[in-house]
Amino acid sequence: MDVFFKPDHRFQLAKGQVKLRLYYDGDNTAESSVTRDIYEKLLKNYLREMQYMAETASITSKMSFNTFYVDIDLKGFNDSLGKFLPRYLEMILGWIPEPSGEFEDIRIKKLREYNNFFLENPYQQAYQYHLLALREGAEVDPKAVVFAAEQIKFDHILQYNRRWKEKLFAELYVAGNFTQAKAEDFAGVVSKLLATHQPLDKSHVKTIRAVQLPQKETWSVEKSLRNPDEKNSSLIAHFQYEEFGVTTKLLQDICMMFMKEPTFDYLRTKEQLGYIVMCLPDDHRGILGLSILVQSNVKSSHELSEYIDRLMVILKDKLEKLTAEEFEGLKKSAYTSKLQKDKDLDTESTRFWTEITKHTYLFDRKERELEELPKLKLEEFKEYEYCYAGSSTGCS
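Description of the structure in this document. None of these values were measured; they are calculated from a predicted model. (Residues numbered from 1 in each chain as written. Predicted model: local features only at pLDDT ≥ 70, side-chain atom pairs only at ≥ 80, totals over all residues. Heavy atoms only, no water.)

1. Overview of the overall build of the protein chain
Part 1: If you tally the helices and strands in the protein chain, you get 14 helices and 11 strands.
Part 2: Relative to its full complement of 396 residues, the protein chain shows a buried share of 47%.
Part 3: Sequence separation of at least 24 residues holds for 83% of the intrachain contacts in the protein chain that already meet a minimum separation of 6.
Part 4: With an accessible surface of roughly 20600 Å², the protein chain has 49% of that area assigned to carbon and sulfur atoms.
Part 5: When the 56 positive and 63 negative side-chain charges of the protein chain are each reduced to one mean point, those points stand 2 Å apart. (Helix = DSSP H or I, 4+ residues; strand = E, 2+ residues; numbered from the N terminus. Buried < 20%, exposed > 50% of the residue type's maximum accessible area, 1.4 Å probe, protein only. Contact = heavy atoms within 4.5 Å. Areas by Shrake-Rupley, 256 points an atom, 1.4 Å probe, with all protein chains shown as cover. Lys, Arg positive; Asp, Glu negative; His and termini not counted. Charge placed at Lys NZ, Arg CZ, Asp CG, Glu CD.)

Laid out in structure tokens, this is it:
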């Protein structure tokens, strides 16, 4: 188990947070995805009374099951958290599902939710397929999920209950107005409860992986909408860059500022393709990229791709004309944004927890970014930005 402790020297509240991630040997199939969804709902129903007791003690608790891990997030007063955590975790690990009509009720509701995906806005569906194309081990084809929900049995719930608890590896983050001794007590509680389960070696922890797109090639993923009444089409053009780093992330931030206004101005204001136009930064397990999303009721997705090509020409021309003074203005805006301090313990904890769960452990990232940002050169930015404006990377 990896344990991280961050004492609160700034907010000075008698509150704290405990974040726990339990990795298990999961798999990414439609059947597993549906089983997890139903299992999580059944477990939350089982914990409903415990949840109510937590709320009366001013404790908020969240739990979610994912492909390869379970996340537990607790917030509340220091003394209450110390009493709540062992009982809450004990109930989760000790629960054995029992057959009842509740399973079928939840299955039918989930099946309805899965089918409703095909009635969502085209850009929402496009984004889901976009993630499916770019990440291994995260998303499952929505059609396969619907089919799995139609076939799922209660035995799948029992099998999943045994499997996810079989081998576990934990990451624990404790933050707030605690002493180190108290944080060690939290770690001891978790360690004791996990002692009855086989350890999952950290090197065997599965992660979501980015799909590497070949350079100077365009890949296309096309999906037809199942709703015959839908009049809109959507397109996401994704440009993949390179691995996440302090400098490359800064360049991506400035790139977003540089592209956002001309993208919106050309696609929405000038060409009037539709109301939904977005520039989105992407980070798929440490691989940076950028996506341009458009939804239109006047153009097909194939026609939208032609507009994206024209936009790239506009951006390339704008980039070549970018002056050192204009670049310094972009840097200044980025610097001002990064000077903003965490507004509360929750914001700070989320930032540090992201470093832990991504296994980057760069807890002084903000300080490093503020140190590196003034050093960026216009030529360096143009070389980076050209990967997008010059369309020199893969696109999906």
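2. Observations concerning helix α8 (residues 180-194)
Part 1: Its 15 residues place the ends of α8 21 Å apart at the C-alpha level, agreeing with the 21 Å of an ideal helix rising 1.5 Å per residue.
Part 2: Within the sequence span of α8, burial applies to Ala183, Phe186, Ala187, Val190, Leu193 and Leu194. Down the axis, α8 shows its buried residues gathered within 130 degrees of arc, on one side only.
Part 3: Buried residues along α8 sit in contact with β1 (2-7), β2 (15-23), α3 (78-94) and β6 (167-176). (Expected span 1.5 Å × (residues − 1). Arc of directions from axis to C-beta.)

3. As for unusual backbone geometry
Negative phi is the rule for most residues except glycine; trans is the rule for most peptide bonds.
Part 1: Notably, Ser58 is not glycine yet its phi reads approximately 60 degrees, a positive angle.
Part 2: With respect to the secondary-structure elements, Ser58 resides in the loop between α2 (48-56) and β3 (60-65).
Part 3: Of note, Tyr361 is a non-glycine position whose phi angle comes to about 55 degrees, a positive value.
Part 4: By the secondary structure assignment, Tyr361 is in the loop between α12 (345-357) and α13 (365-372).

4. Re the side chain of Asn161
Part 1: With respect to the helices and strands, Asn161 occurs in helix α7 (residues 154-166).
Part 2: On the basis of relative accessible area, Asn161 is assigned to the buried category, the value being 7%.
Part 3: Polar contacts involving the side chain of Asn161 include one to the side chain of Tyr39, which spans 2.5 Å.
Part 4: Among all residues touching Asn161, those that are not within four sequence positions of it are Tyr39, Trp95, Ile96 and Pro97. (Polar contact = N/O pair within 3.5 Å; in protein donor to acceptor, adjacent residues only side chain to side chain.)

5. Focus on the pairing of β3
A regular strand carries its side chains on alternate faces of the sheet.
Part 1: Residues Ser61, Met63 and Phe65 line the buried face of β3, whereas the alternating positions Thr60, Lys62 and Ser64 sit on a face that is not buried.
Part 2: As paired strands, β3 and strand β4 (residues 69-77) are joined by six bridges and run antiparallel to one another. Within β4, the position partnered with Thr60 by the bridge is Lys75.
Part 3: Between the antiparallel neighbours β3 and β4 lie three residues. (Pairing = 2+ DSSP bridges.)

6. Quick look at the pattern of salt bridges
Part 1: A full pass over the atoms with the stated rule returns 26 salt bridges.
Part 2: Of the charged contacts, one joins Asp141 and Lys223 as a salt bridge, the two residues approaching to 3.7 Å between their closest N and O atoms. Taken together, the residues Asp141 in the loop between β5 (135-136) and α6 (142-151) and Lys223 in the loop between β8 (209-210) and β9 (233-243) connect sequence positions 82 residues apart.
Part 3: Between Glu371 and Lys375 there is a salt bridge, with the nearest N and O atoms lying 4.0 Å from each other.
Part 4: Owing to a relative accessible area of 46%, Lys375 belongs among the partly exposed residues under this scheme.
Part 5: Linked by salt bridges that have partners in common, Lys249, Asp253, Lys338 and Glu369 make up one network. (Salt bridge = Lys/Arg side-chain N within 4 Å of Asp/Glu carboxyl O.)

7. A few points about a positive patch on the surface
Part 1: A grouping of Lys41, Arg48, Lys109 and Arg112 is seen on the molecular surface, where their side chains present a positively charged patch.
Part 2: Counting through the fold element by element, Lys109 comes out in helix α4 (residues 101-116). (Patch = residues over 30% accessible without salt bridge, like charges linked within 9 Å, V, L, I, M, F, W, Y side chains within 5 Å.)

8. Some details on the sheet that holds strand β11 (residues 287-296)
Part 1: Strands sit in the order β9-β11-β10 across an open sheet of three strands; the sheet is antiparallel. On the outer flanks of this sheet lie β9 and β10 (276-284), each paired with one strand and no other. Strand-to-strand twist of the sheet, defined as the mean angle between neighbouring strand axes without regard to direction, takes the value 15 degrees.
Part 2: Note: β10 against β11, nine bridges, orientation antiparallel. Looking at β11, one finds that Ile276 is bridged to Gln295.
Part 3: Running at roughly 30 degrees to β9, helix α5 (residues 122-134) makes contact with β9, β10 and β11 of the sheet. (Axes fitted to C-alpha atoms, helices over the stretch in contact; angles between N-to-C directions.)

9. Structural notes on the nonpolar core
Part 1: Of all hydrophobic cores here, the largest spans 56 residues; its most connected members are Leu22, Met63, Ile72, Tyr88 and Trp164.
Part 2: Sort the elements by how many residues they give to this core and α3 lands first, with eight residues.
Part 3: Discounting chain neighbours no more than four positions away, the residues touching Met63 are Glu40, Leu43, Lys44, Leu47, Val70, Asp71, Ile72, Tyr88 and Ile92.
Part 4: Among the nonpolar cores identified, the runner-up in size contains 36 residues, and Leu235, Met259, Val277 and Leu315 belong to it. (Core = buried A, V, L, I, M, F, W, Y, C linked by side-chain atoms within 4.5 Å.)

10. Some details on the environment of Arg226
Part 1: By the secondary structure assignment, Arg226 is in the loop between β8 and β9.
Part 2: Other than its neighbours up to four places away in sequence, Arg226 contacts Phe118 and Lys143.

11. Details of the environment of Phe68
Part 1: Counting through the fold element by element, Phe68 comes out in the loop between β3 and β4.
Part 2: With 41 residues separating them along the chain, Phe68 and Asp27 place their C-alpha atoms 7.0 Å apart.

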